[in-house]
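Spelled out from the first residue to the last, the chains are:
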Amino acid sequence: MEHIPTTWYLLLAAILFSIGAGGVLIRRNTLVIFMCVEMMMNAANLTFVAFAREFGSTTGQVFVFMVMTVAAVEVAIGLAILVELYRHVKSVNIDSFDSLKG
Amino acid sequence: MAAIAVIFSKNAVHSALFLLLNFIMLAGLYILMSAQFIAALQVIVYAGAIVVLILFVIMLLGAELGESVPTWFTPKNMFVALLSLILLTLAGTAVKRNFPENLSTLNTPSDWGSVENVGMALFTDYVLAFEIAGVLLLVGIIGVVVLSGWERKIEEIGPTPIKQLPDIPYIQQEDIF
């Protein structure tokens with residue numbers, strides 16, 4: 001099988017990360033912002049796996065495993081917080097969450 | 001590219017479905033890199049669990065159209081797009097500078113990403129990190145249960161004395177404490 005050089009994977013990860021960062025800054029829907037954060041984490045995972053392949057080690061894959069665990073917990077807790085916030089504010093627009101006292 | 005569609009679709013459900021497509025594409029890339037374990041994990045955790053959770057919350061809240069009037073092309077958005085483009089060029093030049101020639105991955109063994117090898121590393125060298133991940137998941141479960149159950153319990157009992165305190169004059173509050 002033809003081997004794709006690591007550089008292309010890194011470039012793709014950079015593109016994905018930039019798109020995710022732009023999405024976080026542009027969109028105002030909190031759920032879409034969550035998705036963009038997930039996308040940025042995926043870009044980081046892609047670099048981990050690319051470098052792990054480069055050096056033929058399993059350490060990078062263990063890192064990806066940990067990142068996925070953290071991402072799952074983060075999404076669960078973040079969405080729970082979001083549902084509670086929606087019950088108070090009746091909106092998912094992030095500009096409406098400007099009060100710490102609820 | 002599916003990732004761009006995540007940002008630019010007005011309906012949040014469409015966004016989530018494009019995100020699913022993005023994750024599955026990444027899983028395909030992992031298989032191409034012969035990292036089978038990570039690819040399976042990607043499909044199960046991201047495409048299986050996270051996207052379903054996000055879709056569920058979107059539909060629960062009815063938040064498909066959070067931005068009823070999509071105001072693209074404002075000066076702020078243009079500035080943000082410029083910023084992310086600058087970030088992209090910086091990252092791209094960093095990659096290109098540091099890795100000018102094609103790196104050889106031919107000496108990497110082909111069973112490098114198999115479940116057997118990764119599992120062996122996970123349960124020998126990194127067993128502490130593995131168990132900490134388990135504890136983290138437990139903390140996450142407890143946190144979500146507390147977050148979603150706490151408020152409703154207070155509503156059932158009625159307002160607690162602490163909530164009534166502002167009605168009491170200030171001097172009486174001092175007597176209480």
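Residues numbered from 1 in each chain as written. Chains lettered and ligands numbered in written order. Predicted model: local features only at pLDDT ≥ 70, side-chain atom pairs only at ≥ 80, totals over all residues. Heavy atoms only, no water.

1. A closer look at the overall build of chain A
Let me state the cut-off plainly: Helix and strand definitions here come from DSSP, where helices need a minimum of 4 consecutive H or I residues and strands a minimum of 2 consecutive E residues; each element is numbered from the N-terminal end. Throughout this description, buried means an accessible area under 20% of the type-specific maximum (1.4 Å probe, protein chains only), exposed means over 50%, and partly exposed covers the range between. Residue burial considers only the protein chains on display, and all accessible areas are found by Shrake-Rupley using a 1.4 Å probe.
Each helix and strand counted, chain A has three helices and zero strands in total. Along chain A, helices and strands appear, N-terminal first, in the series α-α-α. Within chain A, buried positions represent 58% of all 102 residues. For chain A, the exposed area adds up to about 4,200 Å²; of that, 71% sits on carbon and sulfur atoms.

2. Remarks on the overall build of chain B
Put simply, the test is: For this analysis, residues touch if any pair of their heavy atoms sits within 4.5 Å.
Summing up its helical and strand segments, chain B has eight helices and zero strands in all. From first element to last, N terminus to C terminus, chain B shows the α and β order α-α-α-α-α-α-α-α. When the 177 residues of chain B are sorted by exposure, 30% land in the buried category. Excluding contacts between residues fewer than 6 apart, the proportion of contacts in chain B whose partners are at least 24 apart in sequence is 51%. By element, 72% of the accessible surface of chain B is carried by carbon and sulfur atoms, the whole surface being about 11,500 Å².

3. Some remarks on the interface of chain B and chain A
Spelled out, the test is: For any pair of parts, buried area is found by adding up, for both, the accessible area (1.4 Å probe) each one loses once the two are put together. Between Lys or Arg on one side and Asp or Glu on the other, a salt bridge is scored when a side-chain nitrogen of the former is within 4 Å of a carboxyl oxygen of the latter. Within 3.5 Å is the distance limit for a polar contact, defined as a pair of N or O atoms, with the added protein rule that one can donate a hydrogen and the other accept it, and that residues adjacent in sequence qualify only through two side-chain atoms. Charged means Asp, Glu, Lys or Arg here, nonpolar means Ala, Val, Leu, Ile, Met, Phe, Trp, Tyr, Cys or Pro, and polar covers whatever is left, Gly included.
Between chain B and chain A, the residue contacts involve 72 residues of the former and 67 residues of the latter. Buried surface at the junction of chain B and chain A, both sides included, amounts to about 6,400 Å², of which 76% is carbon and sulfur. Per-residue buried area on chain B facing chain A is highest for Met33(B), Leu61(B) and Trp112(B); these three make up 10% of the total on that side. Scanning the region where chain B abuts chain A turns up zero salt bridges. Linking chain B with chain A are three residue pairs in polar contact (both at pLDDT 80 or more). Counting residues per element, the ones that place at least two in the side of chain B that touches chain A are α1 (2–8), α2 (12–32), α3 (36–61), α4 (75–98), α5 (115–124) and α6 (127–157) of chain B. Take the side of chain B that touches chain A: its biggest share by element is 13 residues, from α3(B). Grouping the constituent residues of the side of chain B that touches chain A by class yields 49 nonpolar, 16 polar and seven charged.

4. What to know about a nonpolar patch on the surface
For the record, the criterion: Patch membership requires over 30% relative accessible area and the absence of a salt bridge. Like charges are linked within 9 Å, and nonpolar side chains (Val, Leu, Ile, Met, Phe, Trp, Tyr) within 5 Å.
Together, Leu25(A), Phe79(B), Leu82(B), Leu83(B), Ile86(B) and Leu90(B) make up an exposed nonpolar region whose accessible area comes to about 580 Å². A per-element tally of the nonpolar patch places α4(B) first, with five residues. Mapped onto the elements, Leu25(A) comes out in helix α1 (residues 6–26).

5. Comments concerning the confidence of the model for chain A
Just so we agree on the cut-off: For every residue, the pLDDT score states the predictor's confidence, bounded by 0 at the bottom and 100 at the top.
Taken over all residues, the pLDDT of chain A has a mean of 82, while the share at 70 or more is 89%. Helix α2 (residues 30–55) of chain A holds the highest mean pLDDT among the elements of chain A, 87, whereas α1(A) holds the lowest, 83.

6. Quick look at the packing of aromatic side chains
Keep this limit in mind: Here is the rule: rings of Phe, Tyr and Trp (six-membered ring for Trp) pair when centre to centre is within 6.5 Å. Planes less than 30 degrees apart are stacked, more than 60 are edge-to-face, and the remainder are tilted.
Inspection of every chain in the model, using the stated rule, returns four aromatic pairs over all chains. Ring centres of Phe48(A) and Phe63(A) lie 5.1 Å apart, and the angle between their planes is 10°; on these two criteria the pair is classed as stacked. In this pair, Phe48(A) is assigned in helix α2 and Phe63(A) in helix α3 (residues 59–89), connecting sequence segments 15 residues apart. Among the residues examined, Phe48(A) registers a relative accessible area of 30% and is labelled partly exposed. Taken together, the ring pairs connect Phe65(A), Phe123(B) and Phe130(B) into an aromatic cluster.

7. Some thoughts on the environment of Gln42(B)
Along the chain, the position of Gln42(B) falls in helix α3. In this structure, the C-alpha to C-alpha distance between Gln42(B) and Ile24(B), residues 18 residues apart in sequence, is 7.8 Å. The contacts of Gln42(B), once residues within four sequence positions are left out, are Asn42(A), Met68(A), Phe23(B), Leu26(B), Ala27(B), Tyr30(B) and Ala47(B). Within the local environment of Gln42(B), its side chain forms a polar contact with the side chain of Asn42(A), the two groups lying 3.0 Å apart.

8. Let's talk about the nonpolar core
Rule in force here: Definition of nonpolar core: a set of buried residues of the types Ala, Val, Leu, Ile, Met, Phe, Trp, Tyr and Cys, connected through side-chain atoms within 4.5 Å.
One finds Val49(A), Leu79(A), Ile38(B) and Ile58(B) to be the most contacted residues of the largest nonpolar core, which totals 57 residues. Elements with a minimum of two residues in this core: α1, α2 and α3 of chain A together with α2, α3 and α5 of chain B. In terms of residue count, the dominant contributor to this core is α3(B) (13 residues). The residues touching Ile38(B), leaving out its near neighbours within four places in the chain, are Val49(A), Gln61(A), Val64(A), Met68(A) and Tyr30(B).

9. Here we look at the side chain of Glu38(A)
In this structure, Glu38(A) sits in helix α2. Glu38(A) sits in the buried class, given a relative accessible area of 0%. Not counting chain neighbours up to four residues away, the residues in contact with Glu38(A) comprise Ala71(A), Glu74(A), Val75(A), Phe23(B), Tyr46(B) and Ile50(B).

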